Amino acid sequence: MRSHVIIAAVLWCGFVDSRKVRGIASSYKRFYRERKSFLCIDGSKIIPFEQVNDDYCDCEDGSDEPGTSACPRGRFYCTNLGFRPHYIPSSRVNDGICDCCDASDEYNSHARCQNTCWNLGQRERAYVEGQMRTLDEGLQLKQQLIEEGVLLWREKQAQLRELQQVAEDLQIKLEEHRRKKHEADRVKEQTLKALEAGDSGLFRRHNSTVSGTFKLLDSNKDGSITVDEVKAKVALVHDEERVLSEDEAVALLGGGDRMDVTKFQHTLWDVLTKGDSVKRYTSSSFSMSYFSSASVDDCLYCHLNAHFISLTNIQFHGGMRKRCLFLCYFRRIRDAPGVGGDPHLKAADRAAEWEATNLKKVEEAYETVNMEISDLRKKLAIDYGPDWEFLFLNSQCYKLKVYEYTYTLCPFNQVTQKSTAGTEVSLGRWGMWADAPKNQYSQMVYENGEPCWQGGSRSTTVTLTCGTETALRSVKEPSKCQYIMDFQTPVACQLVLKQRGIHSEL
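Source: prediction; values computed, not measured. Throughout, residues of each chain are indexed from 1 in the direction in which the sequence is written. Local features in this predicted model are restricted to residues whose pLDDT is 70 or higher, and side-chain atom pairs enter the listing and the counts only when it is 80 or higher, whereas totals over whole chains, interfaces and linings include all residues. For side-chain calculations, the full set of non-hydrogen atoms in the structure is used, while hydrogens and water are omitted.

**Topic: the pairing of strand β15 (residues 443-447)**
Line of reasoning, step 1. Pairing between strands requires that DSSP locate at least two bridges from one strand to the other. The way it works is that DSSP assigns letters per residue, a run of H or I at least four long becomes a helix, a run of E at least two long becomes a strand, and they are numbered from the N terminus. Note: strand β14 (residues 424-433) against β15, four bridges, orientation antiparallel. Within β15, the residue paired with Arg 429 across the bridge is Glu 447.
Line of reasoning, step 2. Two elements, β15 and strand β16 (residues 459-466), share four bridges in a ladder whose sense is antiparallel. The residue bridging Met 444 from the neighbouring strand is Val 462, located in β16.

So this is what it looks like as structure tokens:
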């Protein structure tokens, strides 16, 4: 009989003890060791230990009722052996709903709760193991990308130095070509001025003599220039294709039907090269009829061997005077070898054009190199991480189609949205790293996209997550014109996660 009493007492003590510690985490059990009194955990009151878990709230912090729903601020601890433990509000204890996977919260209710912690723990462990494998593989890939990033960074630096050297060389060439072009333009200008001044010595040196020109006009070599020969080889610049009329040719020959070399030298040649004896031709029927029909703004131009001669005080019909240029264009003389245009002037003109072309090429090359230097400097100024691990993302773009839109993320450049209709909208340009507290390189911010109809501009926040592939995983618009993206890449994997362990309290 006495032994039965002892056994019953032991069982009752065990029951009382289990009642007292229900809903308590192991780290708090030291506060609930059975003794004569209980000190509320916040230190506000001391109560008899019998009042712990008696379904009446005595402590303001609810610490005396961890296993009941008596205290509104109380918390019940789900042990959940085999899965993740957690707290629930004490108001949910014995409410007929299973909140703890080990069913410990419904110890005194009619709910039939099953212990599902083991199955949940298995799924959780499988997920964590998968995450750890992904992390291991991601860290290996990240190390490769770090090594590639260092090499790429060095290549970019070397490329910048090479471009800067090329720019310096082009600067020297540019100054040299500018000097050469200036000199070629000066020679051309001097040559043209010499020709305009009628430098006969220069003409003789380049086979543009009176006799040479006369011989070219004298087709039948009979020692005289006839009306037919003038008509065959002379044309007006303003109407080159038209053949001169009989009266026009006679007027150029001084009113006669032919002209020998002596008369040519002292009359027509002087008119062409010096502008002498103009008035003797203005009295001819051709001149008077031509000028009387010309408007005040009309001029007859004369050109011999690319040479302009100013003729002044030409007598117009009706007493009008006007400064005018008289241009005779020798159609076939211009194309004759060695005589068609002054060769010295042609050479000077070709040299000037050559130097102008060369200068333009060097200027274009210099401008292109400087643009490349500017672009490269901008790229190198971006923060690509402590080991340049994010450098490989530059100049890359990643797409994701979500319903009728295709989103494109070009890291360190821009984010765009393109509809099926073909309309493309900027969702922001590269701004900065978000500088998150735990990881500085976990979020990218793209700002100043196209204006939003509600005001402001579109922007995108890109969250980088660890993965074995580099890809855009999701796009959302939680608020108007504010976008968030999930971007997976191995370089987002952090060694600290492996050291700390992606763990649960299993």
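There's more to say after this.
**Some remarks on the nonpolar core**
Line of reasoning, step 1. Core analysis: the largest hydrophobic core is formed by 41 residues, its most contacted members being Phe 390 and Leu 472.
Line of reasoning, step 2. When residues of this core are assigned to their parent elements, the largest contribution, seven residues, is made by helix α2 (residues 117-196).
Line of reasoning, step 3. Every residue pair with non-hydrogen atoms within 4.5 Å of one another is taken to be in contact. Beyond its immediate sequence surroundings of up to four residues, Phe 390 is in contact with Tyr 384, Gly 385, Phe 412, Trp 433, Tyr 441, Leu 464 and Val 491.
Line of reasoning, step 4. Put simply, a nonpolar core is a bunch of buried Ala, Val, Leu, Ile, Met, Phe, Trp, Tyr and Cys residues held in one set by side-chain atoms that sit within 4.5 Å of each other. In this scheme, a residue with accessible area under 20% of its type's maximum is buried, one over 50% is exposed, and one in between is partly exposed, where area comes from a 1.4 Å probe on protein chains only. Grouped together as the second largest cluster of nonpolar side chains are 12 residues, Val 210, Ile 225, Val 227 and Phe 264 included.

**Describing a nonpolar patch on the surface**
Line of reasoning, step 1. Only residues whose relative accessible area exceeds 30% and that form no salt bridge enter a patch; like-charged residues are grouped when within 9 Å of one another, and nonpolar side chains (Val, Leu, Ile, Met, Phe, Trp, Tyr) when within 5 Å. Under the convention used here, a 1.4 Å probe and the Shrake-Rupley method define accessible areas, while residue burial counts only the protein chains that appear. Whenever Lys or Arg places a side-chain nitrogen within 4 Å of a carboxyl oxygen from Asp or Glu, that contact is recorded as a salt bridge. Residues Tyr 28, Ile 41 and Tyr 87 make up a contiguous nonpolar surface patch of about 230 Å² in total accessible area.
Line of reasoning, step 2. Within the secondary structure, Tyr 87 sits in strand β4 (residues 86-89).
Line of reasoning, step 3. A relative accessible area of 32% places Tyr 87 in the partly exposed class.

**Overview of the side chain of Asn 80**
Line of reasoning, step 1. Relative to the assigned elements, Asn 80 resides in the loop between β3 (75-78) and β4.
Line of reasoning, step 2. Asn 80 gets classed as buried once you look at its relative accessible area, which sits at 1%.
Line of reasoning, step 3. What qualifies as a polar contact is a pair of N or O atoms within 3.5 Å, subject to a donor-acceptor requirement within protein and to the restriction that residues adjacent in sequence count only when both atoms come from side chains. A polar contact of 3.1 Å, which involves the side chain of Asn 80, links it to the backbone oxygen of Arg 84.
Line of reasoning, step 4. Side chain to side chain, Asn 80 and His 86 meet in a polar contact 3.4 Å long.
Line of reasoning, step 5. Setting aside residues up to four positions removed in sequence, Asn 80 forms contacts with Pro 85, His 86, Cys 100, Cys 101, Asp 102 and Cys 117.

**Regarding the packing of aromatic side chains**
Line of reasoning, step 1. Centre distance within 6.5 Å is the pairing criterion for rings of Phe, Tyr and Trp, where only the six-membered ring of Trp is used; planes under 30 degrees apart are then read as stacked, over 60 as edge-to-face, and the remainder as tilted. In total, this model carries 16 aromatic pairs according to the counting rule given.
Line of reasoning, step 2. With 6.3 Å between their ring centres and 65° between their planes, Phe 38 and Phe 49 make a pair best called edge-to-face. Linking Phe 38 in strand β1 (residues 37-39) with Phe 49 in the loop between β2 (46-48) and β3, this pair joins segments that are 11 residues apart in sequence. The pair formed by Phe 38 and Phe 49 is uniform in burial state, with each residue classed as buried.
Line of reasoning, step 3. Geometrically, the ring pair formed by Tyr 407 and Tyr 483 is tilted, given 6.5 Å between the ring centres and 55° between the ring planes. Separated by 76 residues along the polypeptide, Tyr 407 in strand β12 (residues 405-410) and Tyr 483 in strand β18 (residues 482-489) bring together distant segments of the chain.
Line of reasoning, step 4. According to the relative accessible area criterion, Tyr 407 is buried, its value standing at 7%.
Line of reasoning, step 5. Members of the aromatic cluster, joined through ring pairs, are Tyr 384, Phe 390, Phe 412, Trp 430, Trp 433, Tyr 441 and Tyr 446.
Line of reasoning, step 6. Working rule: Lys NZ or Arg CZ, within 6 Å of ring centre, within 35 degrees of ring normal, means a charge sits over the ring. In this arrangement the basic side chain of Arg 22 is found over the ring face of Tyr 107, its NZ or CZ atom lying 3.8 Å from the centre.

**A word on the state of the cysteines**
Line of reasoning, step 1. When two cysteine sulfur atoms are found within 2.5 Å, that pair is recorded as a disulfide. Going through the model one piece at a time under the given rule, you end up with eight disulfides.
Line of reasoning, step 2. Each sulfur in the disulfide pair Cys 101 and Cys 117 lies 1.8 Å from the other. With the S-S dihedral at roughly 100°, the linkage between Cys 101 and Cys 117 falls on the right-handed side. Of this pair, Cys 101 sits in the loop between β4 and α2 while Cys 117 is found in helix α2, placing the two residues 16 residues apart along the sequence.
Line of reasoning, step 3. The class for Cys 117 is buried, based on a relative accessible area of 0%.
Line of reasoning, step 4. Two residues, Cys 452 and Cys 481, share a disulfide whose sulfurs are 1.9 Å apart. Note on the Cys 452 and Cys 481 pair: the S-S dihedral is about 70°, so by sign convention the disulfide is right-handed. Of this pair, Cys 452 sits in the loop between β15 and β16 while Cys 481 sits in the loop between β17 (471-479) and β18, placing them 29 residues apart in sequence. Considered together, Cys 452 and Cys 481 belong to a single accessibility category, that of buried residues.

**Let's talk about helix α12 (residues 343-380)**
Line of reasoning, step 1. In this model, α12 (38 residues) spans 55 Å end to end at C-alpha, consistent with the 56 Å of a helix rising 1.5 Å per residue.
Line of reasoning, step 2. Along α12, the residues classified as buried are Leu 345, Ala 348, Ala 352, Glu 355, Asn 358, Leu 359, Val 362, Val 369, Ile 373, Leu 376 and Leu 380. Helix span, expected: 1.5 Å multiplied by one less than the number of residues in the helix.

**As for unusual backbone geometry**
Line of reasoning, step 1. Unusually for a residue other than glycine, Asp 55 sits at a positive phi of about 70°.
Line of reasoning, step 2. Inspection of the secondary structure puts Asp 55 in the loop between β2 and β3.
Line of reasoning, step 3. Relative accessible area serves as the criterion here: at 52%, Asp 55 is assigned to the exposed category.
Line of reasoning, step 4. Of note in this structure, Ala 103 is not a glycine but carries a positive phi near 65°.
Line of reasoning, step 5. Topologically, Ala 103 is positioned in the loop between β4 and α2.
Line of reasoning, step 6. Classification of Ala 103 by relative accessible area gives buried; the value is 16%.

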